[in-house]
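What the coordinates show
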Amino acid sequence: MKQTIRRTVLVTRLHLHRSWRRLRDRPRLLLFQATLLVGGWVYIVLVGSQVPGLEASGEGVGDIDPTQVRELTRGTVAALWLFLAGLAASGTPTHASSVAGGSFLLRSADIRPTLWGTVLAEYARRLALFGLFAVATAVALLWGLGLPTRSPLVLLALVLLFFTAELAGMAARLGFAATGYRPSSAGRVVAGGVALVVFSFALGYPATSLSVLSQLPVANFAEAFLVRVPGVSPDRAALRVTVLASLVVVPLLGLLTERLARRTWFSGRQRETPGVDRTRMGAWLGSLGIEGPARAVAWRVWLQTRRQPITAGLVGAPLLVVGLGVVDPQGVDLPLFPLTMGLYAVWMTGFVLALNPLSSEDGTLPHLLTAEGDEIVTGYTLIAAAVGLPVAVATVVAAGLLIGPVELLPAALVVSVAVFLGAVPAGLAMGLVLPRVEAVPFDSDGPITPSKFAMAGHTVVIVTLAAPAALGVLAADELGVAPLAVVGIVATILASLGVGRVGQQIAAKRFDQLTVE
Amino acid sequence: MTIAIETQDLTKRFGDVLAVDGLDLSVPSGTVYGFVGPNGAGKTTTIRMLTGLLQPDRGTARVDGVEATRRGKLAETLGYLPAEAPLYDELTGREQLQYAAQFRRLDDGDRVEQALVQYDLLDAADRRVEGYSTGMRRKLGLAQATLHEPSVLILDEPLNGLDPGATRTVRELVETVSDDGTAVMVSSHDLTTIESICDRVGIVSEGELVADERPDDLSTGDGDRDLETAVLELTDQ
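Just so you know, these numbers come straight off a predicted model, no measurement behind them.

Turning to the overall build of chain B, a few remarks are in order. Scanning chain B from N- to C-terminus turns up nine helices and 10 strands. Counting the 237 residues in chain B, one finds 49% classified as buried. Sequence separation of 24 or more characterises 66% of the internal contacts of chain B that already satisfy a separation of 6 or more.

This is the structure we're talking about:
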């Protein structure tokens, strides 16, 4: 036991030693964080010092319905618990190789000191980063509201809330890993989409969401904060049961976490297997009469996109924004909402599929050696159209029908498609003229984002192309002169086709000029 | 003669891939054992099971009589250097060894200094590991793996990416460690070095041990073949 504690402390020290040295490599970041902390501290103490006065004047909760206060507090505490558990789950390693320095620590210190030493170091890092702020907040609020004098259980409840959430999150993550089930990338995208919808709903209907969350057992921790709040009768029995249960559950969860880590970290079951899913895209392109290098380029880009569904899923982000607008109880009142969403979809397609054609040397090099620039551009444009155009159309239709104004739907549709035809080839050209040249992490397997300049250029192109149509529609609405809208839309269509053609030529030329050094 | 490394029916499967298939291995103490085979033959998987970092699906692995699953006890008898030395870039070479010494409750002062001298790292001892060359990293990794004077040392691809000078240094260090009575298992594709430093060579192919003999016996099996030819023949390449 003594040795385990000694080694746990040593693991913690080692991690903190590394973090401290890394931090000192970036003094400006250190200065920024320190300033933030001191600023936050000063602010919190100033605000906190005012609280006792407010409370003494009896204006604290007097005008609020006590039932609401209780439900709000319980729901907020449950939400905090879920947030902490989620954070812990996301940071829990599920394999020995994902433990920092695992092959050294696990052979020098074994699993228990490695696990708890790493966790302690993480807590210490968080405390160092947010600790001053958090402590200042806690002290100011607890002192200001007099909570410790109201119930000695407040601090204990806070501590138990933190540990139950952390350990439950870790155990849940390791338990899931122990099942050996690995969701497919597409499955993860669907799960992420569902989570986003649920989160959007929670944001749209906070009162309902907090009311639902307040029913969770972990919400009982909130009763500690409600002791002696005027008009509120806390459920002391529920609080006592929750605290007692947590005192039992915390060590059990600790043991469970350790056992699960022992089981999963060395099982080798979490090893990634590269996907080899097949696609009919090649045959479909052939049936459209697209053959040769252009088809090969389109097929490769499609395969790459399909095997990174999380990246590809970004193309659908505008649909989620429309969903958020639908559940927004305040409603959305923007005359150009469908068009704005359509242009957002065009931007996203460019971001994912056009702005970074040189992102992967492995993928791009064979085409540079075997295809003409024109054919490469055609391949990219085809895939952007096959993936992005249906999303753009669906976004505009959903925005027009579900939020409106519905009468602008046809115009928004035409303008979005036109801008799409201009922005995608122009985006390719932009990605080649302004490629990303910053360093990226060597072990990064995520999407390599385009250069900021290319993204800015892409935005300017889309806004400029859409401007005549948008101004025409607004002017027609304002002045009651319908032809102004038609003129604006036609100008956008012509400009888009022209920009698309020029973009296509520049991109093709750039591809042809690329050399391997 | 005591046995330093022993596996019986050692088996590991990753999904559809049978990485190690009922491997029976026996390495006597004081031996330098070469562990060779093509990429994907199961060498690293076997080594990871021997070091306790991977659980076998079936069978047992023992190092100096200690079950590989007993990682705490194993750490006292086994030194291990994976292909990528487990070093922390933010630390200096001296600090890295000091931590290793503290984990093993060694007198870090003397032992660390001795290791720095032995592995010719004294001049670079107070430089950060991130600035070390491949050869220096390998030497520091070796120093760390042997700091507690283990009775068995396992080296996974210790010669990868080393220039001829660094290769010679590592080879000499292995010989020095071996002369002290430590059993050394070396996995490598550098068959010339394997032939020159190993007392025995085990050839693994598709997770199975297809040969386990002295290098001379393997090289001259039918009169005039070298170790490379023997490995290629025995692994159907």
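There is more to say after this.
On to the overall build of chain A. Regarding its fold elements, chain A presents 21 helices and zero strands. A buried classification covers 36% of the 517 residues belonging to chain A. Contacts spanning at least 24 positions in sequence make up 82% of the contacts within chain A whose residues lie at least 6 apart.

Bringing the sheet that holds strand 9 (residues 200-205) of chain B into the picture now. Residues and elements named next belong to chain B. Spatially, 6-7-8-3-9-10 is the arrangement adopted by the six strands of the open sheet, whose pairing is mixed. Since the sheet does not close on itself, it has two edges, and those belong to strand 6 (78-81) and strand 10 (208-213), each with one partner. Here the average twist between neighbouring strands, direction ignored, is 15 degrees. Here strand 9 runs beside strand 10; their pairing, made up of five bridges, is antiparallel.

Residues and elements named next belong to chain A. Put simply, helix 13 (residues 292-306) and helix 18 (residues 373-402) touch, their axes get as near as 7 Å, and they point 45 degrees apart. What the angle tells us is that helix 13 and helix 18 run oblique. The handedness of the crossing between helix 13 and helix 18 is right-handed. Where helix 13 approaches helix 18, its residues Gly-292, Pro-293, Ala-294, Val-297, Ala-298, Val-301, Trp-302 and Thr-305 are matched on the opposing element by Glu-375, Ile-376, Thr-378, Gly-379, Tyr-380, Leu-382, Ile-383 and Val-387. Considering only residue class, the contact of helix 13 with helix 18 consists of 11 nonpolar, four polar and one charged.

A few words now on the interface of chain A and chain B. Each partner contributes residues to the interface: chain A has 20 residues there, and chain B has 21 residues. Of all the secondary structure elements, the ones that give two or more residues to the side of chain A that touches chain B are helix 1 (2-25) and helix 4 (102-108) of chain A. At six residues, the largest contribution of residues to the side of chain A that touches chain B is made by helix 1 of chain A. When the residues that make up the side of chain A that touches chain B are grouped by side-chain class, the tally is seven nonpolar, six polar and seven charged.

Turning our attention to the environment of Leu-471 of chain A. Within the secondary structure, Leu-471 of chain A sits in helix 20 (residues 452-479). In this structure the C-alpha to C-alpha distance between Leu-471 of chain A and Gly-488 of chain A, which are 17 residues apart in sequence, comes to 6.9 Å.

All names here are of chain B. An order of 2-1-4-5 is seen for the four strands of this open sheet, with the pairing classed as antiparallel. Two strands bound the open sheet, and with one partner strand each, they are strand 2 (17-28) and strand 5 (66-67). Taken together, the two bridges between strand 4 (residues 58-63) and strand 5 define a ladder with antiparallel strand orientation. Paired with Arg-62 across the bridge in strand 5 is Glu-67.

In this section: helix 19 (residues 409-433) of chain A. Spanning 25 residues, helix 19 of chain A covers 35 Å between terminal C-alpha atoms, matching the ideal 36 Å at 1.5 Å per step. Among the 25 residues that make up helix 19 of chain A, 19 are buried, leaving the element largely enclosed by the rest of the structure.

For the rest of this paragraph, the subject is the packing of helix 18 of chain A against helix 21 (residues 482-513) of chain A. Residues and elements named next belong to chain A. Following both chains from N to C, one finds helix 18 and helix 21 inclined at 125 degrees, their axes separated by 7 Å at the closest point. For the element pair helix 18 / helix 21, the angle class is oblique. For helix 18 against helix 21, the interelement crossing comes out right-handed. Counting all contacts with helix 18, which are made through Gly-373, Asp-374, Ile-376 and Val-377, the residues of helix 21 involved are Gln-504, Ala-507, Ala-508, Lys-509, Phe-511 and Asp-512. Looking at the contact of helix 18 with helix 21 residue by residue, the class counts come to five nonpolar, two polar and three charged.

All names here are of chain B. Within the chain, Asp-9 stands out as a residue other than glycine whose phi angle is a positive 55 degrees. Residue position: Asp-9 is located in strand 1 (residues 3-14). Positive phi outside glycine occurs at Glu-206, with the angle close to 50 degrees. Mapped onto the elements of the fold, Glu-206 is located in the loop between strand 9 and strand 10. The class of Glu-206 is partly exposed, set by 16 C-beta atoms lying within 10 Å.

What follows is about the environment of Val-186 of chain B. Residues and elements named next belong to chain B. The residue Val-186 is located in strand 8 (residues 183-187) in this model. Assessed through the 27 C-beta atoms surrounding it within 10 Å, Val-186 is described here as buried. Counting along the chain gives 150 residues from Val-186 to Val-36, while the straight-line C-alpha distance between them is 8.3 Å. Beyond its immediate sequence surroundings of up to four residues, Val-186 is in contact with Val-32, Gly-34, Phe-35, Leu-155, Pro-158, Val-174, Ile-194 and Cys-198.

This part is about the nonpolar core. Membership of the largest hydrophobic core comes to 117 residues, with the highest contact counts inside it found for Phe-221 of chain A together with Ile-5, Ile-154, Val-184 and Val-186 of chain B. When residues of this core are assigned to their parent elements, the largest contribution, 11 residues, is made by helix 7 (residues 153-178) of chain A. Grouped together as the second largest cluster of nonpolar side chains are 70 residues, Ile-376, Leu-421, Ala-426 and Ala-485 of chain A included.

The next thing to look at is the confidence of the model for chain B. As a general rule, the predicted coordinates of low-pLDDT regions are not to be interpreted in detail. Mean pLDDT over chain B works out to 86, with 96% of the residues at or above the 70 mark. Interface predicted TM-score (ipTM) for the complex: 0.83; the corresponding pTM is 0.68.

Analysis parameters
Residues numbered from 1 in each chain as written. Chains lettered and ligands numbered in written order. Predicted model: local features only at pLDDT ≥ 70, side-chain atom pairs only at ≥ 80, totals over all residues. Helix = DSSP H or I, 4+ residues; strand = E, 2+ residues; numbered from the N terminus. Buried ≥ 20, exposed ≤ 12 C-beta atoms within 10 Å, placed from the backbone. Contact = placed C-beta atoms within 7 Å. Pairing = 2+ DSSP bridges. Axes fitted to C-alpha atoms, helices over the stretch in contact; angles between N-to-C directions. Parallel < 35°, antiparallel > 145°, perpendicular 65-115°, else oblique. Left-handed = near helix turned anticlockwise from the far one by under 90°. Nonpolar A, V, L, I, M, F, W, Y, C, P; charged D, E, K, R; others polar. Expected span 1.5 Å × (residues − 1). Core = buried A, V, L, I, M, F, W, Y, C linked by C-beta atoms within 7 Å. pLDDT = per-residue confidence, 0-100.

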